[in-house]
Amino acid sequence: MLKDKKIALYVTGGIAVYKVVDLMRSFIKNGAEVRVAMTESATKFVTPMTFQILSRHEVYVDTFCENNPSHVAHVDLSDWADISVIAPATANTMAKMAYGLADNFVTSALLATASPLFVVPAMNTDMFENPATQENIQTLKSRGIYIVEPDTGFLAEGYEGKGRYPENKRILEELENFIITTEKTLPLRGYKILISAGGTKERIDPVRYITNDSSGKMGHSIAEAAYQYGAEVTLVTASTLESSKAIHRIQVDSASEMFEAIDERFEDVDILIMSAAVSDYGVADAATSKMKKADLKEPLTIELQENPDILKTMGAKKENQFLVGFAAETNQLEDYALKKLAEKNLDLIVANEVGKEGTGFDSDDNQVVIFTKEHQRLDIPKTSKTEIARRILDKVIEELDHHS
Ligand SMILES: Cc1cc2nc3c(=O)[nH]c(=O)nc-3n(C[C@H](O)[C@H](O)[C@H](O)COP(=O)(O)O)c2cc1C
């Protein structure tokens, strides 16, 4: 999400400045271009040299140090930025922002900034909880400025309280989410997408079940990528993998539960991507209490009955929805995939060969072939599931453009 983003990083005078060095490095590692400006107070904690070397760019501190006659440095920085991050943000600088003061390089540039502002306050608890600071924070929020909630914990002053600079990991996640919500031109903005993931579980009794090797990684990667593309995402998952808070997650167990969750929502979505490995059969008469060995007859027989075919049902129901299926096969990939595409009335099918080491089920990588309704073939060689997810969505977007 940060790739090619231009981030103006404003560093103000709090004890957490040293942590922001790492935050800046993570921006750069994620592909962003960073320019730094510091207040005089911030330079007392970490020298501009550190930020300059790591960002490979001049650090702005003095408003009147105008080295380039072709522009005014603070206005140039504010115009250049796609997003501005103030970290750590002192109580003092937030107060100045709230009142529109422009008495140093940082506050002058911030007052001239039209792009989104993302603020990471960090300070002593009493400073943070002071009504003046709280009012200033409310003022900034009311202007659409994003404020990261500080952590509660052990402060530099030697006692517990709220105001601590949060983990950089959390700041990064919140920044990515903020960018997604502020960006207007994302390719799936305005689309509602439903994604299924994981291997369903068919209960034999309360402690035993039949399942398959699917980890849910592919479906979860598609859900994350769809969210980053601006879609409103619902993920119906049988997997225990994590998902971003912004994704509406519905946890299911069996194929029947997955069917119900999808059937209920299908009418209301634009795209359905069925990447779950749904059991074809479920247990006919699952026991409600644990089966005891002593009570069982040998040979033990478990009767299976056919589960509802989710893809086929949605394929028959679909009106304007774009339907994507997956075909996991061990042989004759293309034949089976094309047959499934036609039989289930899909718009796109993603075929992957399972049973090969390093791709398919439970692996971080995958290698797939995408077929469209017109039998157009797109081979995606072995790469991460995150990348595969983006490539699948790129193809969906291309097809949606053709259809519209
Ligand atoms: C050792 C030390 C640590 C400080 N830590 C913080 C802090 O974490 N947060 C804060 O708001 N102010 C902190 N201050 C106070 C600010 O540095 C002070 O308010 C300063 O005027 C802020 O200037 P600036 O907003 O222009 O950077 C600290 C001061 C000192 C001396």
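The structure under discussion appears in the preceding block.
Throughout what follows, the structure given in this document is the object of discussion. (Residues numbered from 1 in each chain as written. Predicted model: local features only at pLDDT ≥ 70, side-chain atom pairs only at ≥ 80, totals over all residues. Heavy atoms only, no water.)

1. Remarks on the sheet that holds strand β4 (residues 117–121)
Phase 1: Here five strands make up an open sheet; going across it, the order is β2-β1-β3-β4-β5 and the pairing parallel. At either margin of the open sheet sits one strand with a lone partner, and together these are β2 (33–38) and β5 (146–147).
Phase 2: With four bridges joining them, strand β3 (residues 83–89) and β4 adopt parallel strand pairing. Bridging from a neighbouring strand, A89 pairs with P121 of β4.
Phase 3: In the packing of helix α3 (residues 48–55) onto the sheet, the strands contacted are β1 (6–11) and β2, and the crossing angle to β2 comes to about 170 degrees. (Pairing = 2+ DSSP bridges. Helix = DSSP H or I, 4+ residues; strand = E, 2+ residues; numbered from the N terminus. Contact = heavy atoms within 4.5 Å. Axes fitted to C-alpha atoms, helices over the stretch in contact; angles between N-to-C directions.)

2. Looking at the nonpolar core
Phase 1: Judged by nonpolar contacts, the single largest core of 34 residues is most densely connected at I193, I195, I222, V233, I273, I392 and L393.
Phase 2: Contributions of two or more residues to this core are made by β8 (192–197), α10 (217–228), β11 (232–237), β13 (271–274), β16 (322–329), β17 (348–353), β18 (365–372) and α14 (385–403).
Phase 3: At seven residues, the largest contribution of residues to this core is made by α14.
Phase 4: Each residue touching I273, except ones within four places of it in the same chain, is listed here: I193, L194, I195, S196, I222, V324, F326 and L393.
Phase 5: Judged by nonpolar contacts, the second largest core, of 33 residues, contains V11, A32, M38 and F118. (Core = buried A, V, L, I, M, F, W, Y, C linked by side-chain atoms within 4.5 Å. Buried < 20%, exposed > 50% of the residue type's maximum accessible area, 1.4 Å probe, protein only.)

3. Observations concerning the packing of helix α5 (residues 91–99) against helix α8 (residues 131–142)
Phase 1: Look at α5 against α8: their axes get within 9 Å of each other, and the N-to-C directions meet at 50 degrees. Our classification of the angle between α5 and α8 gives oblique. Our pair here, α5 against α8, has a crossing hand that is left-handed. Across the interface between the two elements, A91, M94, A95, M97, A98 and Y99 of α5 pack against T133, N136, I137, T139 and L140 of α8.
Phase 2: Here the contact of α5 with α8 is built from residues that sort into eight nonpolar, three polar and no charged. (Parallel < 35°, antiparallel > 145°, perpendicular 65-115°, else oblique. Left-handed = near helix turned anticlockwise from the far one by under 90°. Nonpolar A, V, L, I, M, F, W, Y, C, P; charged D, E, K, R; others polar.)

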